[in-house]
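A structural walkthrough
Single-letter residue listing:
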Amino acid sequence: MDLEKTVNLKKCPMHMPENWEPPVPAFSADIAAGSRAVSLYIGIQRPSSESLEALNSIIEAVDLPNYDLASFTDRAGHKNYVCIAYFSSSTEHVQWEDSSGFTKWWEDDVHLTADYGLWVERYAFEPGQFETLISSPDGFEGVARQYGESVGPIREHAYWGGMEDRIPNSAPGVLDPTVSEMPKATPSETRGKRLVVKGPKNLCLIRSGQDLTSVKADELAEYNKDIEPHLSAGLAFLGENPQTGCFESRYMTHCNAQGQAIAKTFGMQVFLSVSHLQRWAQFHPTHLAIFNSFQNMAMQREGQFDLRLWHEVAVMDESDSYAEYINCDPMTGMLPFRHAL
Ligand code: HEM
């Protein structure tokens, strides 16, 4: 175990039980060695085959350094196809926007009257304000791909509060919500318009992923029967209950450029604060059902399974989250909360 690097995660873990030895290994990206990464979500809502093709040509033309494609059905029932582009620094991201032709395409008024909606959401990851966790170190997912080496096995996991302990800047009160009350969702019309939403300080983003690409048939059948229904129910619960502090809950599936599914899924949620996320994870029956069904499977298989789990959790400063919606359904993403942010 690389203890030096483990210590980098947090000098004084607040929640770790004394003499803690985690029952299973887990790893993290070496965030301390990296800079401020950026994830840019470029989404098309209600895509036709022509508009999908047009977006794919843009994705090809703008020479993205590193990206995933995924799709999901949003809360209004619309299909969305999303390119998630990763940049290793804000400088790399800004240079790419200026030089790639993306900004010219994005600002084209042709989108205002199109039969599709377009949106971008941009999140910046300040090294002291995020953490990643993966169950095996062979290949990172999500923004962690921007941070070469893995760290671990780490000690800061497998107990409630491990997430906070892995965020270097977390300390009592520091990452608390800055909006006193979760605003009510109010539809915001964007037909023929561009609307911008900027998240409040300490907004919290989580992506929680399930890689099933190496899972064999018997384990897959078990996963689909015993775990996935709980995952699907938990993510739907969050989407339908903003009083939990959850602005947006998406259940996304990786796909290829033709929109065909790949056996990797993830939840992507935006919360008012990390403590709202923590509360749901630790106490709500929907996450506990996911958690327990996974523990049962792991126990029955005596730790021998091929499902890979990962997550990234980031807490944003004021300028770290930005969203813009064109011609989208009024309940898309952060739009319904625009009036209060
Ligand atoms: C199949 C899906 C999932 C499984 C099997 C799963 C399982 C787990 C496990 C085993 C842990 C403990 C991790 C550790 O520290 O070693 C955990 C923690 C956590 N999970 Fe999940 N989970 C899933 C989905 C989700 C989703 C979709 C979310 C968020 C929307 C989520 C939020 C969290 C959070 C925030 C923690 C950290 C809690 C803390 O450290 O206090 N999980 N989950």
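In the block above lies the structure referred to throughout.
Structural notes, computed from the coordinates.

What counts and how
Residues numbered from 1 in each chain as written. Predicted model: local features only at pLDDT ≥ 70, side-chain atom pairs only at ≥ 80, totals over all residues. Axes fitted to C-alpha atoms, helices over the stretch in contact; angles between N-to-C directions. Helix = DSSP H or I, 4+ residues; strand = E, 2+ residues; numbered from the N terminus. Parallel < 35°, antiparallel > 145°, perpendicular 65-115°, else oblique. Left-handed = near helix turned anticlockwise from the far one by under 90°. Contact = placed C-beta atoms within 7 Å. Nonpolar A, V, L, I, M, F, W, Y, C, P; charged D, E, K, R; others polar. Pairing = 2+ DSSP bridges. Near = placed C-beta within 6 Å.

1. Things to note about the packing of helix α6 (residues 217-240) against helix α8 (residues 285-300)
When two helices pack together, their arrangement is given by the angle between the helix axes and the distance between those axes. With their axes 8 Å apart at the nearest point, α6 and α8 run at an angle of 160° to one another. Classified by the angle their axes make, α6 and α8 are roughly antiparallel. Where α6 crosses over α8, the two elements pack in a sense that is left-handed. Contacts from Glu 222, Asp 226, Ile 227, His 230, Leu 231, Ala 233, Gly 234 and Phe 237 of α6 reach α8 at Thr 286, His 287, Ala 289, Ile 290, Ser 293, Phe 294 and Met 297. Taken together, the residues of the contact of α6 with α8 break down into 8 nonpolar, 5 polar and 2 charged.

2. Considerations on the sheet that holds strand β6 (residues 130-134)
On the basis of which strands lie adjacent, the open sheet formed by 11 strands has the order β6-β12-β9-β11-β10-β3-β4-β2-β5-β13-β8 and antiparallel pairing. What marks the edges here is a single partner per strand, and that holds for β6 and β8 (194-198). Going from strand to strand, the sheet's axes swing by 20° on average, the running direction of each strand aside. Bridge count for β6 against strand β12 (residues 308-315) is 5 bridges, and the pairing is antiparallel. Looking across to β12, one finds that Ile 134 is bridged to Trp 310. Along the sheet, α6 makes contact with β10 (246-255) and β11 (261-271), crossing β10 at roughly 140°.

3. Some remarks on the site of the ligand
Close to the ligand lie 24 residues; His 157, Met 163, Gly 267, Ala 281 and Phe 294 are nearest. Mapped by element, the contributors of at least two residues to the shell around the ligand are α5 (162-166), β9 (204-211), α6, β11, α7 (274-283) and α8. Tallied by class, residues from the shell around the ligand come to 14 nonpolar, 10 polar and no charged.

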